[in-house]
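Read off the chains here:
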Amino acid sequence: MNNDILQCINTRIDFFEKYYFVPDNVRPEVDDFIKEMQSVGEQSTDAQDFETKFATNGLQERFTAILMKCTPKQYNMTAEEKAASRETAKEIFKEDRSRII
């Protein structure tokens with residue numbers, strides 16, 4: 001498995017560890033999901049191939065469903081993240097102002 005695919009997988013694994021508390025009863029489901037993701041990664045030729053398989057083989061839906069069973073951790077944004085968030089909000093408002101109002 002190449003490093004780009006490994007990065008795609010690790011990003012999702014880190015998501016569970018950094019941003020969510022995984023309840024004990026959900027941990028086996030997370031572990032199975034990780035094994036399946038790694039299996040798909042081993043069968044993929046590159047990151048794009050992995051992402052396509054991740055989206056079309058139901059892994060994206062499973063990822064979302066598992067996250068819904070977990071509790072988000074509190075996260076304090078950095079000053080840079082807050083600034084980027086404000087800019088994104090401004091752009092969204094500018095693009096879709098009439099619908100938002």
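Definitions and cut-offs
- Residues numbered from 1 in each chain as written.
- Predicted model: local features only at pLDDT ≥ 70, side-chain atom pairs only at ≥ 80, totals over all residues.
- Heavy atoms only, no water.
- Buried < 20%, exposed > 50% of the residue type's maximum accessible area, 1.4 Å probe, protein only.
- Helix = DSSP H or I, 4+ residues; strand = E, 2+ residues; numbered from the N terminus.
- Arc of directions from axis to C-beta.
- Contact = heavy atoms within 4.5 Å.
- Core = buried A, V, L, I, M, F, W, Y, C linked by side-chain atoms within 4.5 Å.
- Polar contact = N/O pair within 3.5 Å; in protein donor to acceptor, adjacent residues only side chain to side chain.

Chemist: Can you help me understand helix 4 (residues 59–68) in this one?
Modeler: Looking only at helix 4, the buried set comprises L59, F63, I66 and L67. The arc that holds every buried residue of helix 4, seen down its axis, measures 100 degrees, which confines them to one face. The elements touched by buried residues of helix 4 are helix 1 (3–19), strand 1 (20–21), helix 2 (27–42) and helix 3 (47–56).

Chemist: I'm lost on the nonpolar core in this one. Help?
Modeler: The nonpolar side chains of soluble globular proteins are, as a tendency, buried together. Counting residues in hydrophobic clusters, the biggest one holds 21 residues, and the most contacted among them are F16, V30, F33, M37, F50, F54 and I66. Every element with two or more residues in this core is listed here: helix 1, helix 2, helix 3 and helix 4. Those residues in contact with I66 that lie beyond four places of it in its chain are F16, V26, E29, V30 and F33.

Chemist: So what exactly am I meant to see when it comes to the side chain of R12 here?
Modeler: Take R12: it is sitting in helix 1. Given a relative accessible area of 13%, R12 falls into the buried group. One polar contact links R12 to E51, side chain to side chain, over a distance of 2.7 Å. Aside from chain neighbours lying at most four places away, what touches R12 is M37, F50, E51, F54 and F63.

Note that every value here comes from positions in space, so none of it alone points to a role or purpose.
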